[in-house]
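Reading the structure
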Amino acid sequence: MIGYLVWAVLFGALFAWEGIGLLRADDAFPTLSDTLRAVMRYPVGRWALFALWLWFGWHAFVRGWHFLLRDGQ
């Protein structure tokens, strides 16, 4: 249960950040795409995002398969 709450808070924070960035376009508040563009400008940033993507995919899909593959016990 606590895991779902943490994910909900994280996604809520991301949506709030994006919403503030889009609503206040006259400010210098960056959106997520602005932030990713700044990180992807450098090769180290690209590799770091790729590593984060692999880590997230491993934990979300490969480690989570045991729940999906249970035989109804």
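Note that the structure is a prediction, hence the values are computed from the model and not measured.

**Some points on the environment of D34**
Note that D34 resides in helix α2 (residues 32-40). For the pair D34 and G21, spaced 13 residues apart in sequence, the C-alpha to C-alpha distance is 9.6 Å.

**Description of the layout of surface pockets**
One simple way to see leftover space: roll a probe sized like a water molecule over the atoms. Within this model, the largest pocket holds a volume of roughly 490 Å³. If you go around the largest pocket, you meet 13 residues; those closest to its centre are L14, L36, L49, L52 and F56. Contributions of two or more residues to the lining of the largest pocket are made by α1 (2-23), α2 and α3 (43-62). Considered class by class, the residues forming the lining of the largest pocket number 12 nonpolar, one polar and no charged.

**Some thoughts on the side chain of T31**
Mapped onto the elements of the fold, T31 is located in the loop between α1 and α2. Look at T31 and you get buried, because its relative accessible area is 8%. Non-local contacts of T31, meaning those with residues more than four positions away in its chain, are made with E18, G21 and L22.

**A short note on the packing of aromatic side chains**
Both the distance between ring centres and the angle between the ring planes are used here to describe each pair of aromatic rings. Following the criterion strictly, the structure yields four aromatic pairs and no others. Note on W7 and F56: the rings are 5.9 Å apart at their centroids and 70 degrees apart in plane angle, and the pair reads as edge-to-face. With W7 in helix α1 and F56 in helix α3, the pair connects residues that are 49 residues apart, well separated along the chain. W7 gets classed as partly exposed once you look at its relative accessible area, which sits at 42%.

**Some points on the pattern of salt bridges**
All told, the structure shown has one salt bridge when counted by the stated rule. As a salt-bridge pair, R37 and D34 come within 3.0 Å of each other at their nearest N and O atoms. Here the residue R37 and the residue D34 both occupy positions in helix α2, the gap between them amounting to three residues, near one helical turn. Among the residues examined, R37 registers a relative accessible area of 52% and is labelled exposed.

Cut-offs applied
- Residues numbered from 1 in each chain as written.
- Predicted model: local features only at pLDDT ≥ 70, side-chain atom pairs only at ≥ 80, totals over all residues.
- Heavy atoms only, no water.
- Helix = DSSP H or I, 4+ residues; strand = E, 2+ residues; numbered from the N terminus.
- 1 Å grid on protein atoms, 1.4 Å probe; cavity = no way out; pocket = protein on both sides within 12 Å on 5 of 7 lines; lining within 4 Å.
- Points joined across faces, edges and corners; volume = space filled by probe spheres on them.
- Nonpolar A, V, L, I, M, F, W, Y, C, P; charged D, E, K, R; others polar.
- Buried < 20%, exposed > 50% of the residue type's maximum accessible area, 1.4 Å probe, protein only.
- Contact = heavy atoms within 4.5 Å.
- Phe/Tyr/Trp six-rings, centres within 6.5 Å; stacked < 30°, edge-to-face > 60°.
- Salt bridge = Lys/Arg side-chain N within 4 Å of Asp/Glu carboxyl O.

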